Amino acid sequence: MNYREAITTIMELLNGQLVVCANGLISRETFTIRDRTENFYMIGSMGLASSIGLGVALSKPSRKVIVLDGDGNLLMNLGSLPMTGSLQPKNLLHIVLDNEVYASTGNQPTISNIIELEDTAKSAKYAYVKKVTTEKDLKRETVHILENDGPSFLLVKISDKEEQREIGRVTHSPEEIKERFMSAM
Amino acid sequence: MLKSEDFAQELINTGYDFFTGVPCTIIGNLITTLTERPDVTYIPAVREDAAIGVAGGAYMAGKIPVVLMQNSGLGQCLNALTSLNLIYKLPCLFIVTWRGFEGKDAPEHLVMGKICEKLLDTISIPHHTFNPDNIKVLINMSFKLITENNEPLALFLKEGIID
C-alpha cells in the first residue's frame, strides 16, 4: 500500500468529518485525491497538524476531527501525543501514514523503522491504538474509529516506493484554506 | 500591582475564551487562575509551538485564543509564527513574559531579553508592552486588532505588573 492508496481508502469512507492534513505529500495527495471544504491543508509549520487537530477537536466536540499525519511530522512534535492522551478528546482520530522516510524531501530515513510509533501512542493513553499494513485492515479500522469514541490512533504502515509521477500542489491560498475550513464548521 | 485574577477577568471580559501556553514564574498565578476557572479552557502545552497549533485549531473552531509564554518561547515557536499564523492570517494574542529586561536576569535570559522586540519587528508581528497604567487599554485594543486584522499580536509582560 502506498500513500495514494492509503489516502484514497480513508477519504472514501468520510462524509462530513473535519480533516487536518500534515504538510508535504500528505496535504498534496489529499488535495489531489479529494479536495473538500472540510480539509485543512497545513502547508508549513511541520509537526503541528496534530496540535491544530487537537485545538479543533477540543473546541468542536460535536464534530469528528481526523488528523492525517506522517511519521516525520509526528516525530517532530511527539509531545502532542501525551497532550492528546491527557485531555482525552473523544472526537479526535489520529491517523499516521508511516513510510519510515521523509518522502516529501526524497526519502531520507526517519527513525520509525526502529521506534514503534503505536507504542508511543499507547504510552500516551490514547483510548484505541491499532497498527495496519493492508488496505483491507485500513478500511476496517477506519470504519471502526469513525464509529467509536477516541482518542484513537491508527498507524498505517505504507511503502516508501512511490510510482514516479507529477503530483500537484495545493492551489488554494492559505487564507482560502482557512476560510473554507471555518465555513465547514 | 494588578491581581492575576483581575487580569484574567479582563481578558475574559474582552472576549478571549481559549487559553493555552507554557508557564513562566511571572504568569504562574495567572495560569493557576485560568486553570481553576470553570468558564474558560486552559490547555497546558508541552512546547510553545504546540500551543500555537492548538490555539490555531481553536480559532478555526470559533474561539478567540490567547497563548501564554516566556520570551524564550519565541525562539522555540518562530516557524509556527511565520508559517502558520502569518500566512493563514490566524489571529492570536500572545502574552509573552519579558525575562532579561534591561540585562537584569539570569544569563540564559539576557540574549532574548535584549532582542525579543527586534525579533517580532523582523517578522512583522506587532507588539506592545504592559505597564501598570495601560493593562485594560492594551487588552481591549489587542482584541480589536487581532480580530479585525486577522493577525497575531504580542503583549510583553515584565515582572511586577501582575502578582
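Residues numbered from 1 in each chain as written. Chains lettered and ligands numbered in written order. Predicted model: local features only at pLDDT ≥ 70, side-chain atom pairs only at ≥ 80, totals over all residues.

Named according to an unreviewed UniProt entry, chain B is Thiamine pyrophosphate enzyme N-terminal TPP-binding domain-containing protein originating from Candidatus Scalindua arabica.

As annotated in an unreviewed UniProt entry, chain A carries the name Thiamine pyrophosphate enzyme TPP-binding domain-containing protein and is attributed to Candidatus Scalindua arabica.

**As for the overall build of chain B**
Filter applied, for reference: Strands are runs of DSSP state E lasting at least two residues, helices are runs of H or I lasting at least four, and both sets are numbered from the N terminus onward. The reference for a compact globule is 2.2 Å times residues^0.38; the radius of gyration itself is calculated from the C-alpha atoms.
Of the regular secondary structure elements, chain B holds seven helices and six strands. Counting from the amino terminus, chain B carries its helices and strands in the arrangement α-β-α-β-α-β-α-α-β-α-β-α-β. Compactness check: chain B gives a C-alpha radius of gyration of 14 Å against a globular reference of 15 Å for 163 residues, within 12% of the reference. Dimensions of chain B, computed from the C-alpha atoms along their principal axes, are close to 40 × 35 × 30 Å.

**Focus on the UniProt feature "domain: Thiamine pyrophosphate enzyme TPP-binding" (unreviewed entry) in chain A**
Using the following cut-off: UniProt positions are given in the numbering used here, feature names are shortened, and annotations may be inferred rather than shown by experiment.
When the UniProt feature table is mapped onto this chain, "domain: Thiamine pyrophosphate enzyme TPP-binding" (unreviewed entry) is found at residues 40-154 of chain A. The distance from the first to the last C-alpha atom of residues 40-154 of chain A is 19 Å, and the span holds 39% helix and 23% strand.

**What about the interface of chain A and chain B?**
To keep it simple, the criterion reads: In this description, a residue-residue contact is defined by the distance between C-beta atoms placed from the backbone, which must lie within 7 Å. Under the grouping applied here, Gly and all other residues not named as nonpolar or charged are polar, the nonpolar ones being Ala, Val, Leu, Ile, Met, Phe, Trp, Tyr, Cys and Pro and the charged ones Asp, Glu, Lys and Arg.
In this complex, chain A contributes 24 residues to the contact, which on the side of chain B involves 26 residues. Among the residues making up the side of chain A that touches chain B, the classes are represented as 12 nonpolar, nine polar and three charged.

**A look at the pairing of strand S7 (residues 128-132) of chain A**
All names here are of chain A. Quick note on the threshold: Should DSSP find at least two bridges between two strands, the strands are taken to pair. The crossover handedness rule: strands pointing away from the viewer, path from first strand over the helix to second strand clockwise, crossover right-handed.
Bridge count between S7 and strand S8 (residues 152-157): five bridges; the pairing is parallel. Residue pairing for S8: Lys130 is matched across the bridge by Leu154. Taken together, S7, helix H7 (residues 135-147) and S8 form a β-α-β motif whose crossover is right-handed.

**Some remarks on the UniProt feature "domain: Thiamine pyrophosphate enzyme N-terminal TPP-binding" (unreviewed entry) in chain B**
The UniProt record marks residues 5-105 of chain B with the feature "domain: Thiamine pyrophosphate enzyme N-terminal TPP-binding" (unreviewed entry), using the residue numbering of this structure. Its end C-alpha atoms 26 Å apart, residues 5-105 of chain B is made of 48% helix and 20% strand.

**Topic: helix H6 (residues 107-122) of chain B**
Residues and elements named next belong to chain B. Heads up, the condition is: One less than the number of residues in a helix, times 1.5 Å, gives the span that helix is expected to have. Bending is quantified residue by residue as the angle between axes fitted to the seven-residue window ending at that residue and the seven-residue window starting at it. Here exposure depends only on C-beta density: within 10 Å of a residue's C-beta, 20 or more other C-beta atoms make it buried, 12 or fewer make it exposed, and intermediate numbers make it partly exposed, the C-beta atoms being placed from the backbone.
Helix length check: H6 (16 residues) gives 24 Å between terminal C-alpha atoms against 22 Å at 1.5 Å per residue, within 8%. Along its length, H6 shows its largest kink, about 50°, at Ile115. Restricting attention to buried positions, one finds in H6 the residues His109, Gly113, Cys116 and Leu120. Its buried side turned inward, H6 meets helix H4 (72-76), strand S5 (127-129) and strand S6 (152-157). Of the residues trailing H6, Ser124 is marked for its positive phi of about 60°.

**Topic: the sheet that holds strand S2 (residues 39-41) of chain A**
As a general point, the strands of a sheet are linked pairwise by backbone hydrogen bonds and lie either parallel or antiparallel. Residues and elements named next belong to chain A. This is how the line gets drawn: Here the axes come from fitting lines to C-alpha atoms, over the contacting stretch only for helices, and the angles between their N-to-C directions go from 0 to 180 degrees.
Strand order in this open sheet of six strands is S2-S1-S3-S4-S8-S7, and the pairing throughout is parallel. On the outer flanks of this sheet lie S2 and S7, each paired with one strand and no other. Averaged over all neighbouring strand pairs, the angle between strand axes comes to 15°, with direction disregarded. Pairing of strand S1 (residues 18-21) with S2 involves three bridges; the strand directions are parallel.

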